[in-house]
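Residues per chain are reported as follows:
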Amino acid sequence: MTLLYLTPLDAETQLAQGIDRPCPVAIADKVRFSELDLLNHVNNKAYLGWFESTRVTYFDTHCARHFTGGPMPRTVMRNSNVHYLKEMLLGESYISTARVLSFRNTSYVMEQQIWSGDLRTRLEAVMVLRTADGSAGQPIPDSLKQQFLDLDGATDLSQ
C-alpha cells in the first residue's frame, strides 16, 4: 500500500499500516535529511515538530468549530512526557497520530504516537484552554466534551 503523505488517513489505512488502534487524526510523511542528527538518525527535536503539526491539525479539524460565535481560545501545552522507543532513519515513512485520552473542565490529555511499521515514539501532553487574552481558563464546550467521548473514546474527569 502506498501512503498518501500529508493527507489524513482513514481507520482502514491506519490498521493496514500496523497502528493498533485508529486515531481521529493520522498523518503520513517521511524522514528528511534536515531532520537527522550527527548519528544519522532522527533528532529528538524533529519528533516534537511532527507532534506539534499533528496536534494543530487535530485542533483545527476537530475542535475549532466548537468555538464559533466567540473568540478562539488559546491552546497551551502545560507539560508533556515523551518516550523514544526506537530510532528512525532517513527516508523512512511514518505516521503521526493524535487522540484525546481524558478531559476536565478546561484541559485535556492528548496522546500522540509515531509509527513506522511499529511504534517508535509516544508523547502524552496536558493541553489547557485559555481565554483569547490568556487571562483565565476557557471552559471546554459540552459539544466538544461529547466529541471527545464519541470520537476519541476519552474519559470524562470533569465531574
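Within every chain, residues take consecutive numbers counted from 1 along the sequence as written. Restriction of local features to residues with pLDDT of at least 70 applies here, the model being predicted, together with a cutoff of 80 or more for giving and counting side-chain atom pairs; totals for whole chains, interfaces and linings are based on all residues. As a rule here, side-chain values come from all non-hydrogen atoms in the structure, and water together with hydrogens is ignored.

### Examining the nonpolar core
Put simply, the test is: Among the buried residues, those of types Ala, Val, Leu, Ile, Met, Phe, Trp, Tyr and Cys that are joined through side-chain atoms within 4.5 Å form a nonpolar core. Relative accessibility under 20% of the residue-type maximum defines a buried residue, over 50% an exposed one, and the middle range a partly exposed one, all with a 1.4 Å probe and only protein chains included. Comment: elements are numbered from the N terminus, with helices defined as DSSP H or I runs of at least four residues and strands as E runs of at least two.
Ranked by size, the top nonpolar core spans 30 residues in total, and within it Val-42, Trp-50, Tyr-58, Met-88, Tyr-108 and Phe-148 carry the most contacts. No other element matches the seven residues that helix H2 (residues 44–63) contributes to this core. Judged by nonpolar contacts, the second largest core, of seven residues, contains Ile-19, Ala-28, Ile-95 and Trp-115.

### Thoughts on unusual backbone geometry
In this model, Leu-6 sits at a positive phi of 55°, which is unusual for a non-glycine residue. On the secondary structure map, Leu-6 appears in the segment before helix H1 (11–16). Positive phi outside glycine occurs at Asn-40, with the angle close to 65°. Along the polypeptide, Asn-40 turns up in the loop between strand S1 (25–30) and H2.

### Some remarks on H2
The cut-off we apply is this: In a helix, the anticipated span is given by 1.5 Å times the number of residues less one. Only heavy atoms matter for contacts: two residues are in contact if any of them lie within 4.5 Å across the pair. Polar contact is defined as a pair of N or O atoms within 3.5 Å, subject to the rule that within protein one atom must be able to donate a hydrogen and the other to accept it, and that residues adjacent in sequence are counted only when both atoms are side-chain atoms.
When the terminal C-alpha atoms of H2 are compared, their 28 Å separation across 20 residues agrees well with the 28 Å that a helix rising 1.5 Å per residue should span. Taken as a whole, H2 has its buried residues at Ala-46, Tyr-47, Trp-50, Phe-51, Thr-54, Arg-55, Tyr-58, Phe-59, His-62 and Cys-63. If you follow the buried residues of H2, they end up packed against S1, strand S2 (74–84), strand S3 (93–103), strand S4 (107–115), strand S5 (119–130) and helix H3 (142–152). The backbone nitrogen of Lys-45 has a side-chain oxygen 2.8 Å away, supplied by the residue at the start of H2, namely Asn-43.

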